[in-house]
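# Summary of the model geometry
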Amino acid sequence: MSKEPVAVVGIGQTQHVAARRDVSLAGLVREAARRALDDAELTWADIDAVVIGKAPDFFEGVMMPELYLADALGAVGKPMLRVHTAGSVGGSTALVAANLVAARVHGTVLTLAFEKQSESNAMWGLSLPIPFQQPLLAGAGGFFAPHIRAYMRRSGAPETIGALVAYKDRRNALKNPYAHLHEHDITLDKVMASPMLWDPVRYSETCPSSDGACAMILTDRAGAARAPRPPAWMLGGAMRSEPTLFAGKDFVSPQAGQDCAADVYRQAGITDPRREIDGAEIYVPFSWYEPMWLENLGFAGEGEGWKLTEAGVTELDGDLPVNMSGGVLSTNPIGASGMIRFAEAALQVRGQAGEHQVDGARRVLGHAYGGGSQFFSMWLVGAEPPDS
Ligand SMILES: CC(=O)SCCNC(=O)CCNC(=O)[C@H](O)C(C)(C)COP(=O)(O)OP(=O)(O)OC[C@H]1O[C@@H](n2cnc3c(N)ncnc32)[C@H](O)[C@@H]1OP(=O)(O)O
């Protein structure tokens with residue numbers, strides 16, 4: 001039996017900031033959910049099931065928050081499910097919800113991902129002492145910096161590439177009212193003069209820690225026909241995992257990421273991603289991950305990703321715009337960040353991305369990764385249904 005086509009008919013985000021002291025976790029998620037319902041012009045009664053995701057509980061110190069969020073998310077008397085795949089969770093949560101629609105288990109599903117990092121300290125939360133290793137890691141930056149160095153050495157990329165990505169993403173964020181960082185005085189010189197945090201990652205080349213939530217309403221063909229605004233259609237979606245450490249693991253271009261992208265392209269009938277995809281929202285928490293993931297996702301050959309960045313191809317008005325919303329580099333409520341990538345891709349093909357809209361975007365990729373580059377989730381959305 002063929003799968004039911006899946007449409008995104010509602011999207012809601014909170015204002016992403018360093019600390020949302022005015023709301024509880026429940027208040028934060030409800031705000032995003034309400035906005036998604038309003039966008040779809042639906043009520044809580046129209047939702048058949050709720051699928052939520054967030055990164056590890058120790059980010060807020062609230063264990064199993066899903067136990068008390070059922071009420072805030074209108075899930076009393078309905079199925080509710082929590083997904084966890086570290087930083088990629090926002091993407092995999094959306095895919096679990098999409099698969100419930102595709103399999104005709106539910107007609108309309110609310111999916112939501114969140115993080116309220118101000119309740120804790122993500123950098124030190126991510127500095128876990130791993131058995132049998134030197135306890136020298138300071139946060140995710142400490143973990144990923146050596147892999148960036150490996151990429152720089154392998155590709156021969158000039159030192160300026162990371163700053164170019166940061167300068168672009170922070171300028172894009174100025175066009176996105178929901179973005180956390182709005183640095184109106186940003187310049188390339190300012191990025192390059194910012195303090196070195198985790199060599200080679202400077203202060204302006206890292207993501208902030210954010211509070212925020214993102215929600216989407218996913219529905220079937222009948223639901224899409226009733227939608228008040230143009231839907232985004234899922235053309236392909238996939239997840240892949242691999243262990244954090246194993247002999248032969250390539251941290252610069254993990255096999256799981258390559259396989260995940262290849263699966264999505266196969267489902268969507270894409271044979272040349274660089275030419276057939278109009279833009280991408282890629283999970284880039286540290287600026288150098290833009291060229292690294294461009295290669296991992298097949299947009300550039302090995303060692304060539306930085307050339308796209310340097311040539312301006314990934315700028316908002318470039319040939320392959322990347323992180324039009326300002327990306328993770330400007331907003332990182334970790335658990336929500338993957339879903340924000342998926343939602344921003346959907347906004348683009350719905351023509352509703354406002355000032356950071358790419359003219360005529362028809363097919364856009366949403367990407368997320370998490371853990372020690374071990375979980376990947378991606379989807380490709382289009383302006384037309386998959387069978388059109
Ligand atoms: C899979 C993954 O997602 S891996 C990535 C996981 N996330 C991380 O590793 C988080 C990395 N970032 C950090 O650890 C922190 O934001 C740091 C170290 C860069 C800065 O730490 P702090 O100065 O203590 O940040 P804090 O959250 O208190 O924010 C202080 C101010 O600086 C701003 N700020 C935080 N980071 C940045 C940044 N990188 N660039 C510019 N401004 C920033 C905040 O918005 C806030 O401003 P506001 O008071 O006007 O709202």
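Cut-off values and rules
Residues numbered from 1 in each chain as written. Predicted model: local features only at pLDDT ≥ 70, side-chain atom pairs only at ≥ 80, totals over all residues. Heavy atoms only, no water. Phe/Tyr/Trp six-rings, centres within 6.5 Å; stacked < 30°, edge-to-face > 60°. Helix = DSSP H or I, 4+ residues; strand = E, 2+ residues; numbered from the N terminus. Buried < 20%, exposed > 50% of the residue type's maximum accessible area, 1.4 Å probe, protein only. Lys NZ or Arg CZ within 6 Å of the ring centre and 35° of its normal. Near = heavy atom within 4 Å. Polar contact = N/O pair within 3.5 Å; in protein donor to acceptor, adjacent residues only side chain to side chain. Areas by Shrake-Rupley, 256 points an atom, 1.4 Å probe, with all protein chains shown as cover. 1 Å grid on protein atoms, 1.4 Å probe; cavity = no way out; pocket = protein on both sides within 12 Å on 5 of 7 lines; lining within 4 Å. Sits in = over half its atoms within 2 Å of the grid points. Nonpolar A, V, L, I, M, F, W, Y, C, P; charged D, E, K, R; others polar. Contact = heavy atoms within 4.5 Å. UniProt positions renumbered as here; feature names shortened; annotations may be inferred. Expected span 1.5 Å × (residues − 1). Axes fitted to C-alpha atoms, helices over the stretch in contact; angles between N-to-C directions. Parallel < 35°, antiparallel > 145°, perpendicular 65-115°, else oblique. Left-handed = near helix turned anticlockwise from the far one by under 90°.

As named in an unreviewed UniProt entry, the protein chain is Acetyl-CoA C-acetyltransferase, taken from Streptomyces africanus.

In this section: the packing of aromatic side chains. Under the criterion given, the structure shown has 15 aromatic pairs. Plain terms: the ring middles of Trp-198 and Phe-286 are 5.9 Å apart, the flat faces sit at 80° to each other, and that makes the pair edge-to-face. Pair noted here: Trp-198 is in strand E5 (residues 196-198) and Phe-286 is in the loop between strand E9 (279-281) and helix H11 (289-296), with a separation of 88 residues, a long-range link. By the burial criterion, Trp-198 is buried, and Phe-286 matches it. Three or more aromatic residues joined by ring pairs form one cluster here, namely Phe-143, Phe-144, Trp-198, Phe-251, Tyr-283, Phe-286, Tyr-289, Trp-293, Tyr-369 and Phe-376. Its end group placed over the ring of Tyr-167, Arg-171 keeps NZ or CZ at 3.9 Å from the ring centre.

In the neighbourhood of the ligand, 19 residues make up the surrounding shell, with His-180, Tyr-203, Thr-206, Cys-207 and Tyr-283 lying closest. One nitrogen or oxygen atom from the side chain of His-180 is found 2.7 Å from an oxygen atom belonging to the ligand. Contact distances for the ligand include 3.2 Å between an oxygen atom and a side-chain N or O atom of Asn-332. For the ligand, whose unbound accessible area comes to 980 Å², protein coverage reaches 66%. More than half of the atoms belonging to the ligand lie within 2 Å of the grid points that define the largest pocket. The residue makeup of the shell around the ligand, split by class, is 13 nonpolar, four polar and two charged.

Below, the discussion takes up H11. For H11, a buried count of eight out of eight residues is recorded, marking the element as mostly surrounded by other parts of the structure. All of the buried residues in H11 are Tyr-289, Glu-290, Pro-291, Met-292, Trp-293, Leu-294, Glu-295 and Asn-296. Packed against the buried residues of H11 are helix H5 (139-155), helix H6 (161-173), helix H9 (255-268), helix H12 (305-310), strand E10 (363-370) and strand E11 (375-382). Remark: Gly-298 follows H11 within two positions and exhibits a positive phi of approximately 80°.

Turning next to the environment of Glu-310. Topologically, Glu-310 is positioned in helix H12. Distance from Glu-310 to Pro-291, taken between C-alpha atoms, is 9.6 Å for residues 19 residues apart in sequence. If we skip the residues at most four places from it in the chain, Glu-310 touches Pro-158, Ile-161 and Leu-164.

If you check UniProt for "domain: Thiolase C-terminal" (unreviewed entry), the listed places come out as residues 243-372 in our numbering. What you have in residues 243-372 is 41% helix and 8% strand, and the ends, taken at the C-alpha atoms, are 8 Å apart.

This paragraph deals with H9. Here H9 contains 14 residues, and its C-alpha end-to-end distance of 20 Å stays within 8% of the 20 Å for a straight helix at 1.5 Å per residue. Of the positions making up H9, those classed as buried are Ala-256, Gly-257, Cys-260, Ala-261, Asp-263, Val-264, Tyr-265 and Ala-268. Turning to H9, the residues buried within the fold contact strand E8 (232-241), helix H10 (273-276), H11, E10 and E11. Of the residues one or two after H9, Gly-269 is the one with positive phi, at around 75°.

Another aspect to go through is the packing of helix H3 (residues 89-102) against helix H14 (residues 334-350). Relative orientation of the contacting elements H3 and H14 amounts to 60°, with a least axis distance of 5 Å. Relative to H14, H3 is oriented oblique. Contact residues: Val-89, Gly-90, Gly-91, Thr-93, Ala-94 and Leu-95 in H3; Gly-335, Gly-338, Met-339 and Phe-342 in H14. Tallied by class, residues from the contact of H3 with H14 come to five nonpolar, five polar and no charged.

Mapped onto the elements, Met-63 comes out in the loop between strand E2 (49-53) and helix H2 (66-72). With relative accessibility at 53%, the residue Met-63 sits in the exposed group.

Between H5 and H11, the shortest axis-to-axis distance is 10 Å and the interhelical angle comes to 65°. Considering the angle they form, H5 stands roughly perpendicular to H11. Seen along the crossing, H5 lies across H11 with a hand that is left-handed. Residues Phe-144, His-147, Ile-148 and Tyr-151 of H5 pack against Tyr-289, Pro-291, Met-292 and Glu-295 of H11. Residues that form the contact of H5 with H11 fall into these classes: six nonpolar, one polar and one charged.

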